[in-house]
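Structural overview
Each chain is listed here by its residues.
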Amino acid sequence: MLKSVAYVSFALVMNECLTSASAAQSNIQQEAAISAVKDRGGFFRENWSGLFSGFARLVNTNDQGSFSLHPTVWSLVNLSRAFTRKDTNIVSEEYQREAFLRNLRLDVSLTPTNASKFKIATSQIGFTYAVLNNNELSSEDYRSLSDIQDTYTPIAVYIAGYQSRHNSEFSCIDKFQSITPPDTIFLSDELKDSVRSKFHIDGDLLAGITPFPSMRARMTKILESKALLTFSLSHEYDYHDAHTTAVTLGSHLLFPFWMGETLIPLDFELTGTFADDTTESKSNLDRQTIAIVFGKQFQPLSWLEISPSFSLKTILNHQYSEEKHTSVQLSVTPRVRVTESVWLPITLSLDTNEPRFFGFLSVQYSI
Amino acid sequence: MQTIKVTGQLFNTNGCALTLILMRDGNVVDVSKRYSSFEDSHVLESGTYLLLVQGATSGSIRITVSGNVVTVRPSPTQDFQQEIWGRFIISL
C-alpha cells in the first residue's frame, strides 16, 4: 500500500492486498495471526499462501484499456507446485535460498488493439528488483520477539501447573492449550480469577495470557519500520510502427521513520526515461526526461488510504515546442477498500503549469 | 532413562519465535527458544511429561515428538500456521 504512491500519477497503482490462495493455509488461524502484517501489505512479501497474489494484484486496468501483470519470478517458478505437489509447503531452508526470486518481479503491460497484426498496440516489459525488501521478517526480527514470550511463559507454566493441582481441570486446560485460536471459554471461573489475580490482568483475559496480540503488534511495527528500495528497468514497444518508444530506468525508496509513536512513511521515486522524439522521422530514443515523485501516505481508517504526492518532471533533451522544461504536478489518491480483494483508487491531480484538475478512477482487484 | 527427540520444521518462512516448555507434575523441566528449524534431544526419566509450544511465525511449522515414547497425545506430529499454540503429553 505504501509504495503505491509513486504509481498513482500514472494510474498503475499496484494492488497489494494479500489473499490466501493455498487451501492448506487458508484458515482462520492464519488470518488471525498475520492479519496485522497482512494489512501492512506490500508487493514483495511473497510466501506460499501469497503465491497467487503475485498475479492477483496485477490484473489492473487503466484509462487506456491496457492491463498489466507483475508476478515475481518466485511465483512463476513455484506455480507448478500448486498443481503437481500435494504438499505445498516449502521448507524454510529452500525458502531462504529463493529470496532473490521473491525480490525479482516481472512487469508486463499490454494495450490491445485491433489495428495491429499482434492485436497489441504497445507493450511495456521490464523488471523490478527489491534491494531492500520490507515485507519479510528475518531470524533476527524473530529474536526480537523473545522478550514478549518471556512475559507469557510464567503464565503458561502457571496454568499447566494448575492442572496438576486440580485434576478436575484437566480436560478444560487440555482444550485451552490445544485449540487454536485459544479461547478462555474453556477455563473455569476459578482458574480465570486465579490468573487475573496472580498476574494482575485487568482487561481482556485472553490478551493477557496469550502472546499473540502483543506479537502481532510487534511484528507489524517491525515491518512498518523497514525500508524498501527497488530498481527497475522497463522497455516500451509500439507494435504498429514496430519500434521501441521508450526505455525507463527507475528507483523507488520507501523510508519510514518513527516520530515519537507516529510512523511517518515517506516515498521517493526517481525515474529516467529515454523516449522516442515523435517529431523526428526516424525512430530514436533522443528525448530524455527525469521525474521525481515524493509522496506520503495516511491511513485514517482501515478501509481508507489517502496518498498525496508531489512530482517534478524535467525534460533534458528534445523538448517539444509546446512543452515547458519543468512541470510540477500535485496529486492525491484516496483509495477505498471495497472488499479484502478490491480497492477503488481515485486519483485527483493538479498540473501547476496549466492549472487544471483532472482525475480518473481505476479498479484494483486481487484474486 | 529414555531419549526423546523434538523436531520443528519451518515452511514458507525465514524463521519463527517459539518457546518450548517441558514440564512434569506441574514443574518446569526445561524451557528453550527456537528461531529456526530445530532438532532437540532430551534424556528423561520414565513418567508423563507435558510439552507446551507457544510462539509465532509468518509461515508454518511442523513439530514432531519421537523416540522411546509410549504415547504422545493428542498426536506426535502437529502443524501450526502463524500462531503456534499447542501441547504434547508424552508418556515414557
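Quick look at the structure, then. It should be emphasised that the depicted structure is a prediction, and the values quoted were computed from it without experimental measurement. (Residues numbered from 1 in each chain as written. Chains lettered and ligands numbered in written order. Predicted model: local features only at pLDDT ≥ 70, side-chain atom pairs only at ≥ 80, totals over all residues. Heavy atoms only, no water.)

**Looking at the overall build of chain B**
How we decide: A helix here means a DSSP run of H or I that spans at least four residues, while a strand means a run of E at least two residues long, and both kinds are numbered starting from the N terminus. Buried means the residue's accessible area, taken with a 1.4 Å probe over protein chains only, is under 20% of the maximum for its type, while exposed means over 50%, and partly exposed covers the values in between. Note on contacts: a residue pair is in contact if any heavy atoms of the two residues lie within 4.5 Å. Note on areas: these come from Shrake-Rupley sampling with a 1.4 Å probe, and a residue is covered only by the protein chains present in the view. Charged residues are defined here as Lys and Arg on the positive side and Asp and Glu on the negative side; His and the ends of the chain fall outside this count. Where a charge lies is defined by one atom per residue type, namely NZ (Lys), CZ (Arg), CG (Asp) and CD (Glu).
A tally of helices and strands in chain B yields zero helices and seven strands. Listed N to C, the secondary structure of chain B is β-β-β-β-β-β-β in terms of helices and strands. Each principal axis of the C-alpha distribution contributes one length, and for chain B these read about 35 × 20 × 20 Å. Here chain B, with 92 residues, has 60% of them falling under the buried criterion. For chain B, long-range pairs separated by at least 24 residues make up 62% of all intrachain contacts whose partners lie at least 6 apart in sequence. With an accessible surface of roughly 3300 Å², chain B has 45% of that area assigned to carbon and sulfur atoms. Taken as two groups, the 7 positive and 7 negative side-chain charges of chain B have centres that lie 2 Å from each other.

**Here's the deal with the packing of helix 7 (residues 146–165) of chain A against helix 9 (residues 189–199) of chain A**
Residues and elements named next belong to chain A. For clarity, the threshold we go by: Note on geometry: axes are lines fitted to C-alpha atoms, helical ones only across the stretch in contact, with angles between N-to-C directions running from 0 to 180 degrees. Whether a crossing is left-handed or right-handed is set by the direction in which the near helix is turned from the far one by less than a right angle, anticlockwise for left-handed and clockwise for right-handed. Just so you know the grouping, Ala, Val, Leu, Ile, Met, Phe, Trp, Tyr, Cys and Pro go in nonpolar, Asp, Glu, Lys and Arg go in charged, and all remaining residues, Gly too, go in polar.
As a packed pair, helix 7 and helix 9 sit with axes 11 Å apart at the nearest point and diverge in direction by 145°. The way helix 7 lies across helix 9 gives a crossing that is right-handed. Contacts from Pro 154, Ile 155, Tyr 158, Ile 159 and Tyr 162 of helix 7 reach helix 9 at Glu 190, Leu 191, Ser 194, Val 195, Lys 198 and Phe 199. Grouping the amino acids of the contact of helix 7 with helix 9 by side-chain chemistry returns eight nonpolar, one polar and two charged.

**As for the side chain of Arg102(A)**
Residue and element names in this part refer to chain A. Heads up, the condition is: Throughout this description, a polar contact denotes any pair of N or O atoms lying within 3.5 Å of each other; where both atoms belong to protein, one of them has to be capable of donating a hydrogen while the other can accept it, and for residues adjacent in sequence the pair is counted only when both atoms sit in side chains.
Note on placement: Arg 102 falls in helix 5 (residues 99–103). Of the residues examined, Arg 102 reaches a relative accessible area of 0% and is grouped as buried. Looking at Arg 102, its side chain comes within polar contact range of the main-chain oxygen of Tyr 95, at 2.5 Å.

**What about the packing of helix 7 of chain A against helix 11 (residues 212–224) of chain A?**
All names here are of chain A. Condition: Here roughly perpendicular refers to angles of 65 to 115 degrees, roughly parallel to angles under 35, roughly antiparallel to angles over 145, and oblique to all remaining angles.
Where helix 7 contacts helix 11, the axes come no closer than 10 Å and their chain directions differ by 170°. When the axes of helix 7 and helix 11 are compared, the pair comes out roughly antiparallel. In this structure, helix 7 uses Asp 147, Ile 148, Gln 149 and Tyr 152 to contact helix 11, whose residues at the interface are Ser 214, Met 215 and Arg 218. Across the contact of helix 7 with helix 11, the residue classes break down as three nonpolar, two polar and two charged.

**Considering helix 11 of chain A**
Residues and elements named next belong to chain A. This is how it is decided: Each helix should span, by expectation, one fewer than its residue count multiplied by 1.5 Å. Relevant arc is that of directions from the helix axis to the C-beta atoms, nothing else.
Look at helix 11: 18 Å from first C-alpha to last across 13 residues, which is about the 18 Å you get at 1.5 Å a residue. Within helix 11, burial applies to Phe 212, Met 215, Met 219, Thr 220, Ile 222 and Leu 223. Within helix 11, the buried residues cover an arc of 160° as seen down the axis, which keeps them to one side.

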